[in-house]
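Chain residues, written in single-letter form:
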Amino acid sequence: DTAVSQTPKYLVTQMGNDKSIKCEQNLGHDTMYWYKQDSKKFLKIMFSYNNKELIINETVPNRFSPKSPDKAHLNLHINSLELGDSAVYFCASKSRYGYTFGSGTRLTVV
Amino acid sequence: AQSVTQPDIHITVSEGASLELRCNYSYGATPYLFWYVQSPGQGLQLLLKYFSGDTLVQGIKGFEAEFKRSQSSFNLRKPSVHWSDAAEYFCAVGATNNYGQNFVFGPGTRLSVLP
């Protein structure tokens, strides 16, 4: 199936740990994103990456870093996790027709 | 700040019946409006979007939506529902900043389809 897929769907971890969330798209899109969804269902952009240019939302802590091994993948690494990092994280890719989102990763930091 | 409401948490319709899902938004400027569908275990798929121009927007899978500025609404419609349309539907308002597009999603409406 053509899609944006994220793994894992659920991630529970302790404060201070380092974790990664993987994202893959087989849609051939050039641009990929990471979003963080807050409790009010607001998806706030964290990063956009189009294989040439990384644009970082300056409000995102530098503990968060995207890594793109190739055009189809944009993984999210988070160092020294904090309680406030608990949220749902969505990966997305974009064509000229719009955004396609992954199913989300619910991260719980305990 | 943007906000989106979807008054109906769950709707059940019979296959072949018409469908209307309601969406109301609050936004200070001309909004970018979207409808997304999420099937179980799947990601959010774009059904249609409104940026400007014709207020009746056609989307994929036979869906359409009408932007009514006076009512701050962007309701989704389909004349004849198919069993495969059972899913969760999200209305969203988008706003672009220097980093890209932020979205505010409504709480979603779950659609069940009776055979």
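All values reported here derive from a predicted model rather than from experimental measurement.

Novice: An account of unusual backbone geometry is needed here, citing residue identities and associated values.
Specialist: In this structure, A:Pro8 follows A:Thr7 across a cis peptide bond, with omega equal to -5°. Among the secondary structure elements, A:Pro8 is positioned in the loop between β1 (4-7) and β2 (10-13). A positive phi angle, near 50°, is found at A:Ser80, a position not held by glycine. Residue B:Lys61 is not a glycine yet carries a positive backbone phi of 60°. Tracing the backbone through its elements, the reader meets B:Lys61 in the loop between β7 (56-58) and β8 (64-68). Under the relative-accessibility criterion, B:Lys61 is labelled partly exposed at 45%.

Novice: Tell me about the interface of chain B and chain A, residues and numbers included.
Specialist: Tallying the contact residues gives 20 residues for chain B and 22 residues for chain A. Note on chain B versus chain A: buried area summed over both sides is about 1,600 Å², and carbon and sulfur give 55% of it. Contact with chain A buries surface across chain B, with B:Leu44, B:Tyr99 and B:Phe103 losing the most and accounting together for 38% of the total. Counting every contact that joins chain B to chain A gives two residue pairs in polar contact (both at pLDDT 80 or more). Among the elements of the structure, β5 (32-38), β6 (44-50) and β11 (100-105) of chain B are those that each provide at least two residues to the side of chain B that touches chain A. A per-element tally of the side of chain B that touches chain A places β11(B) first, with six residues. In terms of residue class, the side of chain B that touches chain A is built from eight nonpolar, eleven polar and one charged. With two bridges connecting them, strand β5 (residues 42-49) of chain A and β11(B) associate as antiparallel partners. Within β11(B), the residue paired with A:Leu43 across the bridge is B:Phe103.

Novice: Now, about the side chain of B:Asn75: what can you tell me, with residues and values included?
Specialist: Residues and elements named next belong to chain B. Here asparagine 75 shows up in strand β9 (residues 73-78). For asparagine 75, a relative accessible area of 15% corresponds to the buried category. A distance of 3.3 Å separates polar atoms of two side chains, one belonging to asparagine 75 and the other to glutamate 20. Within the local environment of asparagine 75, its side chain forms a polar contact with the backbone nitrogen of cysteine 23, the two atoms lying 2.9 Å apart. Contacts of asparagine 75, omitting those with residues within four sequence positions, involve Glu20, Leu21, Arg22, Cys23, Trp35, Glu64, Ala65 and Glu66.

What counts, and where the lines are drawn
- Throughout this description, residue numbers start from 1 for each chain and increase along the sequence as written.
- To label them, take the chains in the order written and letter them from A, then take the ligands in the order written and number them from 1.
- With the structure being a predicted model, the display of local features is reserved for residues of pLDDT at least 70 and the display and counting of side-chain atom pairs for 80 or more, all residues being used for whole-chain, interface and lining totals.
- Side-chain calculation: all heavy atoms of the structure are included, whereas hydrogens and water are not.
- Secondary structure is summarised from DSSP: a helix means a run of H or I of at least four residues, a strand means a run of E of at least two, and numbering begins at the N terminus for each.
- For every residue, the accessible area (1.4 Å probe, protein chains only) is compared with the maximum for its type, and the residue is labelled buried under 20%, exposed over 50%, or partly exposed between those bounds.
- Here a residue-residue contact requires only that any non-hydrogen atoms of the pair lie within 4.5 Å.
- Here the buried area means the combined drop in accessible surface, using a 1.4 Å probe, for two parts upon being joined, counting both sides.
- Throughout this description, a polar contact denotes any pair of N or O atoms lying within 3.5 Å of each other; where both atoms belong to protein, one of them has to be capable of donating a hydrogen while the other can accept it, and for residues adjacent in sequence the pair is counted only when both atoms sit in side chains.
- All residues other than Ala, Val, Leu, Ile, Met, Phe, Trp, Tyr, Cys, Pro, Asp, Glu, Lys and Arg, Gly among them, are scored as polar; the first ten of these are nonpolar and the last four charged.
- Any two strands are treated as partners once DSSP identifies two or more bridges connecting them.

The analysis is restricted to geometry; functional conclusions fall outside its scope.
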